[in-house]
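Notes for the structure review
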Protein chains: 2
Amino acid sequence: MSRARLVAAAQGEAPFDRLLTGGTIADVATGELRAADIGILDGLIASLHPPGSRQDAAAIDDMTGLVLAPGFIDSHLHYESSLMAPADYASVVAPAGTTTGVWDPHELANVAGLAGVAWARDAARGVPFRTLIAAPSCVPSAPGLEVAGAEIGPAEMAEMLGWEGVCGIAEVMDMAGVLAASPRMAGIVAAGMAAGRNINGHARGLSGAGLQAYVAAGVTSDHEITSAEDALQKLRAGLTVELRGSHDTLLPEVVAAIMALPVFPVTLVLCTDDVFPDELVAKGGLRDTVARVIARGMPPMLAIRCATLHAALRLKRDDIGLLAPGRAADIVALSDLATVAVARCYVAGQPAATQAPRPPPGLRQSMHLAPLAADALALRPRGVPSGRVRLPVVAGARFTTWGEAEAEVCDGIAAPPPGHSLLASVHRHGRADAVPRVALISGWGEIAGAVATTIAHDSHNLLVFGRDPALMAGAANALIAAGGGMAVMEPDGRLTLLPLPIAGLLAETPAAETARAFADLRAAADRVIAWQPPYAVFRGLTGVSLACNPGPHLTDRGIADIARGGVTDPAEPLGWPLKAQRDNNCA
Amino acid sequence: MSRARLVAAAQGEAPFDRLLTGGTIADVATGELRAADIGILDGLIASLHPPGSRQDAAAIDDMTGLVLAPGFIDSHLHYESSLMAPADYASVVAPAGTTTGVWDPHELANVAGLAGVAWARDAARGVPFRTLIAAPSCVPSAPGLEVAGAEIGPAEMAEMLGWEGVCGIAEVMDMAGVLAASPRMAGIVAAGMAAGRNINGHARGLSGAGLQAYVAAGVTSDHEITSAEDALQKLRAGLTVELRGSHDTLLPEVVAAIMALPVFPVTLVLCTDDVFPDELVAKGGLRDTVARVIARGMPPMLAIRCATLHAALRLKRDDIGLLAPGRAADIVALSDLATVAVARCYVAGQPAATQAPRPPPGLRQSMHLAPLAADALALRPRGVPSGRVRLPVVAGARFTTWGEAEAEVCDGIAAPPPGHSLLASVHRHGRADAVPRVALISGWGEIAGAVATTIAHDSHNLLVFGRDPALMAGAANALIAAGGGMAVMEPDGRLTLLPLPIAGLLAETPAAETARAFADLRAAADRVIAWQPPYAVFRGLTGVSLACNPGPHLTDRGIADIARGGVTDPAEPLGWPLKAQRDNNCA
């Protein structure tokens, strides 16, 4: 679009659409707080000018007492973690000051492949919020150990990078593939370099030569910070550190280490990564991260600079991140700088929308499996009609280790021993058999009902957790009927269901309703499981299936472990069969 | 190229090409000075690792006692100002620490249009120095008032932006066109925005609403800083300030103002803009600017950060600006940080070349005009065979004003009155008549010979300065014979000639030889003209023809003035003819 109208308006030859008067500019370029009015036209800033010097505007908004900053830029997030489509997510965070988000639709891609990413792109279009799509790089995240809904290789990556609105390659999680220069990962990264796009990282736990190699491969950022020293090592390696709010306990030490550096790093940006829907509604996304970083000791101007200008530079964009002529009129008005108290927010010159249109069609009917019989969710040790058997155990939830346990078998079915439960993974994408893989798990506390979810990182097959196959089937079948979601079935059969009909990952309800439903689900989970905090069961459910991490993880193929390689049948008895040790009388 | 070899080398699975050991890293990301060795492979940095931890390399260079920084990035320069082709320029500045330059081949474009820019691109290719071409935006810079060698409009700009190696739009000098949203400038800027490229500015003297409008148009940088307050206004307007070394007297106040800001601006980079060849050889390009900025009070780490990481961010490049894996092994080794004493420099992992291959063919034969008779360079007032006549005068050199003077005419030729000289502009591009336009000028001091140049900003027609048409023709014809350049003819006929056969702008000689020849030319100019400093005559010659500035300027069409509009015939007598006042006897 020609800038002729904007140029004219800046010179007083045409009126503004909107004028923000009486505010104080938080100038993230110079660090100054200074008085200026802002004239807006065609969604862009036309000029910053002396207070009161212009009055010609279709609308004049009084900003007296407010500090105006560029809208916040969330450098890495997954809308899926908030169970919301772009418009719903934006309806929460835009009024709270965030105006741009770099979305990695990794979960949609794992379910629906390129169609999922295309849906993400289309769903973001037209929403008064700037969604930049980072193309998922690791689908599936553990090739050969799980069957996701799709596979993305170098050719698919190159295709996505050609789409409008795709800004780069999303977190490169297959660190082992990068360090081994596997054809898949080398090809995917090369596609990003050829397109001149950002290649975002996931360098969890990497240091020393491994970190250097990972960066040498072409990755230029990381959000998987585990300590202050880790943050410094990543900065020294030349990575842009995407400091995230989702790991609050790390913030004090990381902020202190950064503030102790001789110069404040320009390669520091902020992100949320994952926020549960009720937390998102309560705290408002990146705004909360900015506030907490400030509370931990970062001067407000620098924290806001990380969330604005630094992020724009990282994104190689001249159109956001500063309150300056020609840039988007994405403006957050703060009633208090230190606490990042947001009074109002403008996106492209319009007050941020609090209502969202319904998500677009597509990605429904993602449950490619028939209802499950309770019998199918029982653990049936191979070749053991009855007796005692030793079986493998996935011990722990988010961080898993191998274990073993002895179980009693009767009529071919093993009863989970005390302290153990059952976890079933069922392929739901129609790309492999949907025979449930049922394993013993431990370390989850006592469960009195069943929990089922179609959010099961990263391939998002159907995961069912419990001790009683009948309750497990009840929860699972509720999800199959609902087209995906999360469900808790209590021992009395009472069902709490959060339908996620979009790819089995996203709700169709407005944000507030989704947040309430999620809170209800937390409460129901709290009633059936003793583990604290209650919502940890959801984090655990995503961790116990995350086969790209080392250690045993249950996938739709069995117990996968990238450290061992291959998949273990969870129903295959271990070692010398113990069944002969007992008589054949079932208890 | 696949990064597999680099990834392997970083992990110790393959040797490096080169290893820099024992040095101290100036980490512009964190501001730390820290010990690390650097492994280099395939021209890239493979890893930074603990000192002594690796020894496997084809070559090991001992950096003990040296501080290693990323190679400097010159954010805006004209090789033409140094009269050097890319390889020659690089042979001077690369050993002195500069490894990347953003070249605006504005002068080549004014002479040869797109062919000039294509030559620039090709001449830079293969040189061990990273030249990024900024596509010239204002050719000619004063449309209708001069005839340059070519015209560049939106279509030509779009074409250039599609060329490999073209990084953006060069300084948008036609400020009036931008502020009036002229079709040419609006179209050119729109082409840059459509291509997502940097649009570099030239916002000389703009402030207030004019500055806001200029930035609103889409321009994102400025190097035409005139004061500390001007620098701050430009930063506040969201522009990246390209602080230049060519205006040394400004540096103290600008640096002081920047250091007084609450935060150090990331939108501050450094550039040289214009450096004469002998100064370039003596001081080494951007290295000298960095050193002077430090001497004026900027901490060395921040000054170097401006010249490296800030510039890379401005250029939207992840491959330069930091000493980090995967980035170019462009490394400067300093024996003293504060004085920026360069001990050695590597470009893409190789020691910087001090020898340059000869420039490529093309752009010779740019003098499209026949030798000039002395008679043609005389000032012949129209319709006045003899007597006294009042004529217009271009008063002053770099900053010109209108004047008038009375001259004696004999045999149709006006003798320049005392304190006045003659200036002739002759079209040399073959796109218009080559009839010399001869004007009276004042304010240049006494001249005893003649000076001629084919460097005459911005259309680079042939400019000849003197009092004696015979000497002027001697100097001019020497240039015509040489295919362009600069020449001084002394009263005894002694000629000092600096041939610039490439477009009449660039030398074919090695840098040192060009520098010596230019120094000789300065000395010769010093002998024939009293103006101090002697080299001011060359600046003056470029200023007196720079028709895009307000005030009278002599072009190949006559005396142009954008403030008045149109062209004035310098030989047209003013007011009531004075010729009747005198008899017809010539002195």
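Refer to the preceding data block for the structure.
Our subject in this report is the structure included herewith. (Residues numbered from 1 in each chain as written. Chains lettered and ligands numbered in written order. Predicted model: local features only at pLDDT ≥ 70, side-chain atom pairs only at ≥ 80, totals over all residues. Heavy atoms only, no water.)

Here we come to the environment of alanine 209 of chain B. Tracing the chain through its elements places alanine 209 of chain B in helix α7 (residues 208-216). Assessed through its relative accessible area of 38%, alanine 209 of chain B is described here as partly exposed. As for alanine 209 of chain B and alanine 405 of chain B, which are separated by 196 residues in sequence, their C-alpha atoms are 39 Å apart. If near-sequence neighbours (up to four positions away) are discounted, alanine 209 of chain B is found in contact with Ala10 and Gln11 of chain A. (Helix = DSSP H or I, 4+ residues; strand = E, 2+ residues; numbered from the N terminus. Buried < 20%, exposed > 50% of the residue type's maximum accessible area, 1.4 Å probe, protein only. Contact = heavy atoms within 4.5 Å.)

With that settled, consider the sheet that holds strand β13 (residues 221-222) of chain B. Residues and elements named next belong to chain B. Judged by pairing direction, the sheet is parallel, and its three strands sit side by side in the order β13-β14-β15 without closing on themselves. In the strand order of this sheet, the two ends are held by β13 and β15 (268-271), each with one partner. With four bridges connecting them, strand β14 (residues 240-244) and β15 associate as parallel partners. Paired with leucine 243 across the two strands is leucine 270, which belongs to β15. (Pairing = 2+ DSSP bridges.)

Before going further, it helps to examine the packing of aromatic side chains. This structure, assessed with the given rule, holds eight aromatic pairs over all chains. For the pair tyrosine 79 of chain B and tyrosine 89 of chain B, a centre-to-centre distance of 4.5 Å together with 35° between the ring planes defines the contact as tilted. Remark: tyrosine 89 of chain B occurs in helix α2 (residues 86-93) and tyrosine 79 of chain B occurs in the loop between β8 (72-77) and α2; sequence separation between them is 10 residues. Judged by its relative accessible area of 0%, tyrosine 79 of chain B is buried. In textbook terms, an aromatic cluster arises when at least three aromatic residues are bridged by ring pairs, as seen for Tyr79, Tyr89 and Trp103 of chain A. Here arginine 564 of chain A stacks its cationic end above the ring of tryptophan 402 of chain A, 3.9 Å away from the centre of that ring. (Phe/Tyr/Trp six-rings, centres within 6.5 Å; stacked < 30°, edge-to-face > 60°. Lys NZ or Arg CZ within 6 Å of the ring centre and 35° of its normal.)

Another point: the interface of chain A and chain B. The partner chain B presents 53 residues to the 53 residues of chain A that form the contact. Inspection of the chain A/chain B interface yields four salt bridges. A salt bridge links lysine 316 of chain B to aspartate 318 of chain A, with the nearest nitrogen and oxygen atoms 2.7 Å apart. In this structure, the connection of chain A to chain B is made through 16 residue pairs in polar contact (both at pLDDT 80 or more). At the level of secondary structure, the elements contributing two or more residues to the side of chain A that touches chain B comprise α1 (4-10), β5 (44-49), α5 (175-179), α7 (208-216), α8 (228-236) and α12 (300-314) of chain A. When grouped by side-chain class, the residues that make up the side of chain A that touches chain B number 33 nonpolar, 11 polar and nine charged. (Salt bridge = Lys/Arg side-chain N within 4 Å of Asp/Glu carboxyl O. Polar contact = N/O pair within 3.5 Å; in protein donor to acceptor, adjacent residues only side chain to side chain. Nonpolar A, V, L, I, M, F, W, Y, C, P; charged D, E, K, R; others polar.)

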